[in-house]
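# An overview of the molecular structure
Each chain, letter by letter, is given below.
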Amino acid sequence: MILITGGAGYIGSHCALEFLNADEKIVIFDSLENGHIETINALKKIGNFDFVQGDLKNINDVEKLFKNYKIDTVIHFAGYIQVEESVKNPQKYFENNVGGTLNLLNSMVKYGVKKIVFSSTCAIYGEPEYIPLDENHKKNPVNPYGETKLEIEKQLAEYDEKYGIKSICLRYFNVAGADSETRIGEWHEPETHLIPNILNNKQTFKIFGNDYDTKDGTCVRDYVNVEDLVKAHKLACEYLKKENKSDCFNLGSEKGYSVKEVFDCAEKIIGRKIDYEIMPRREGDAVILLANSTKAKKILGWNNEKTLEESIKTAYLWYNYHS
Ligand code: UFG
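Residues numbered from 1 in each chain as written. Predicted model: local features only at pLDDT ≥ 70, side-chain atom pairs only at ≥ 80, totals over all residues. Heavy atoms only, no water.

## Some thoughts on the overall build of the protein
Along the backbone of the protein there are eleven helices and 13 strands. Against the globule reference of 20 Å for 323 residues, the protein gives a C-alpha radius of gyration of 19 Å, in line with a compact fold. Across its three principal directions, the C-alpha atoms of the protein cover 55 × 45 × 40 Å. Expressed as a percentage of its 323 residues, the buried residues of the protein come to 55%. Long-range contacts, defined here as pairs at least 24 residues apart, represent 79% of the contacts in the protein between residues at least 6 apart. Carbon and sulfur atoms make up 46% of the accessible area of the protein, which totals about 14,500 Å². Positive and negative side-chain charges of the protein, numbering 41 and 49 respectively, have mean locations separated by a distance of 4 Å. (Helix = DSSP H or I, 4+ residues; strand = E, 2+ residues; numbered from the N terminus. Rg over C-alpha atoms; globule rule 2.2 N^0.38 Å. Buried < 20%, exposed > 50% of the residue type's maximum accessible area, 1.4 Å probe, protein only. Contact = heavy atoms within 4.5 Å. Areas by Shrake-Rupley, 256 points an atom, 1.4 Å probe, with all protein chains shown as cover. Lys, Arg positive; Asp, Glu negative; His and termini not counted. Charge placed at Lys NZ, Arg CZ, Asp CG, Glu CD.)

Here's what the structure looks like:
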């Protein structure tokens, strides 16, 4: 059985959907602090699984989970993800992301669970020294959110050496889009991410900084489609089963788009002008993040198929359905 922590959240729920479609046995663990019971209910219409509400910070919740379910592999999504909030309140991020993962790993040791796939991030690299970023690039996060993810990668390396827990760290670039059947999608409160904020017609869209050293002055990111992304988790589980060794992989589309380019693409898809205003730079933002995903393609056999346009289209369908 596969344990999915954070399975009521954006990427976790899309991963759960992928595993349900493949008839895998899963249990979802989520505190519902940021995840949504409505997402769990939507998944329940697709397949059978148990949902356990609990908090990784609470060791009793975690131990009970491992006691009650015969878990073979963990896919670990649960964590706080807002870069700006992490700059204001690093303690909250370290306690939850690093502390929560420590409880998870210690329970894995106790119950003899040896395989974990971890949601890492390109934010662990910080400002690129070269582009595109490969897995060997220097790790120098520019915000506490990225620091917590890097710290967890280090914990995982230690737990491999000492306890034989094998881990795959999947370093996501900017994840975008929604389930192509619009059953689930991106739902954060508050929403801080670019594409849902552009689509949100209840408030004027804000561009954070237009004076960066990029083609049009706005930050450049690599947007990877969520349905493409979650496929890498299945491949990572298969890799762990077959190879039984730890590794890390960048997951990106290998294409860079500026904030302004994403905005222009969204305007085209929506078919009308969107109001926007230029704001100061957002603290903790890297200027440019762009993936080299050759390793994931070669070793995991992963492929990134969907375009930015397709991601914005499914995000827009979801926005209309959900709002
Ligand atoms: N942006 C805006 N206006 C908005 C929202 C975002 O201009 O309303 C800009 C940001 O300043 C940034 C770009 O759009 O330049 C992308 O911002 P996102 O918030 O969508 O995503 P990030 O690049 O901050 O993503 C980072 C990491 C991910 C991580 C994510 C967690 O790169 O790995 O934060 O939320 F998962």
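## A few points about the packing of aromatic side chains
Scanning the entire structure with this criterion turns up seven aromatic pairs. Ring geometry for Tyr239 against Phe249: centres 6.2 Å apart, planes inclined by 85°, an arrangement best described as edge-to-face. Taken together, the positions of Tyr239 in helix H8 (residues 226–243) and Phe249 in strand E11 (residues 247–251) put the pair ten residues apart, joining distant regions of the chain. When sorted by exposure, Tyr239 lands in the same class as Phe249, which is buried. Within the aromatic cluster, the residues linked to one another by ring pairs are Phe205, Phe263 and Tyr276. (Phe/Tyr/Trp six-rings, centres within 6.5 Å; stacked < 30°, edge-to-face > 60°.)

## Some details on the sheet that holds strand E6 (residues 166–172)
Read across the open sheet, the seven strands follow the order E3-E2-E1-E4-E5-E6-E11; overall the sheet is parallel. The sheet is open, and its two edges are formed by strand E3 (50–53) and E11, each paired on a single side. Across the sheet, the mean angle separating the axes of adjacent strands is 20° when strand polarity is ignored. When strand E2 (residues 26–30) meets E3, the two strands line up parallel, connected through four bridges. Bridge pairing in E3 places Val27 opposite Asp50. Relative to E2, helix H3 (residues 59–68) is tilted by about 175°, and along the sheet it contacts strand E1 (2–5), E2, E3 and strand E4 (73–76). (Pairing = 2+ DSSP bridges. Axes fitted to C-alpha atoms, helices over the stretch in contact; angles between N-to-C directions.)

## With respect to the site of the ligand
The ligand sits among 22 residues. The nearest are Ile81, Thr121, Lys206, Arg221 and Asp285. Interatomic distance of 2.6 Å between a backbone N/O atom of Ile81 and an oxygen atom of the ligand. The side chain of Arg221 places a nitrogen or oxygen atom 2.6 Å from an oxygen atom of the ligand. Contact with the protein chains removes 93% of the 680 Å² of surface that the ligand exposes when unbound. Elements represented by at least two residues in the shell around the ligand include exactly helix H7 (194–199) and strand E8 (205–208). Ranked by residue count, the leading element in the shell around the ligand is E8, at four residues. (Near = heavy atom within 4 Å. Polar contact = N/O pair within 3.5 Å; in protein donor to acceptor, adjacent residues only side chain to side chain.)

## Side note on H8
Relative to the 26 Å expected for 18 residues at 1.5 Å per residue, H8 spans 26 Å between its end C-alpha atoms, a close match to the ideal helical length. For H8, the full list of buried residues reads Val226, Glu227, Asp228, Leu229, Val230, Ala232, His233, Lys234, Ala236, Cys237, Tyr239 and Leu240. Between a side-chain oxygen at the N-terminus of H8 and the backbone nitrogen of Glu227 the separation is 2.8 Å; the capping residue is Asn225. Directly after H8, the chain includes Asn244, whose backbone phi takes a positive value near 50°. (Expected span 1.5 Å × (residues − 1).)

## Observations regarding the nonpolar core
In terms of nonpolar packing, the biggest core is built from 38 residues, with Ile11, Ile26 and Leu170 touching the most fellow members. Counting only elements with at least two residues in this core, the list comes to E1, helix H1 (10–21), E2, helix H2 (37–44), E6, H8, E11 and helix H10 (294–300). No other element matches H8, which puts eight residues into this core. Ignoring any residue separated from it by four or fewer positions in sequence, one finds Ile26 in contact with Met1, Ile2, Ile4, Ala16, Phe19, Leu20, Phe49 and Asp50. Membership of the second largest hydrophobic core comes to 23 residues, among which are Val62, Phe66, Tyr69 and Leu105. (Core = buried A, V, L, I, M, F, W, Y, C linked by side-chain atoms within 4.5 Å.)

## Section: the environment of Glu277
Residue position: Glu277 is located in strand E13 (residues 276–279). Remark: the alpha-carbon pair of Glu277 and Thr204, spanning 73 residues in sequence, is separated by 7.1 Å. Discounting chain neighbours no more than four positions away, the residues touching Glu277 are Thr204, Phe205, Lys206 and Ile207.

## Quick word on the pattern of salt bridges
A side chain of one charge can pair with a side chain of the opposite charge when the charged atoms of the two come close. Inspection of the entire model under this criterion finds 20 salt bridges. For the salt bridge of Glu158 with Lys162, the shortest nitrogen-to-oxygen distance reads 3.6 Å. A residue pair is termed a helical-turn pair when its members lie 3 or 4 positions apart in one helix, as Glu158 and Lys162 do in helix H6 (residues 144–163) at four residues. By relative accessible area, Glu158 is classed as partly exposed at 42%. Assessed through its relative accessible area of 55%, Lys162 is described here as exposed. Across the pair Lys215 and Glu261 runs a salt bridge whose closest N-O atoms are separated by 3.1 Å. Placement of the pair is Lys215 in the loop between E8 and strand E9 (220–221) and Glu261 in helix H9 (residues 259–270), with a sequence separation of 46 residues. (Salt bridge = Lys/Arg side-chain N within 4 Å of Asp/Glu carboxyl O.)

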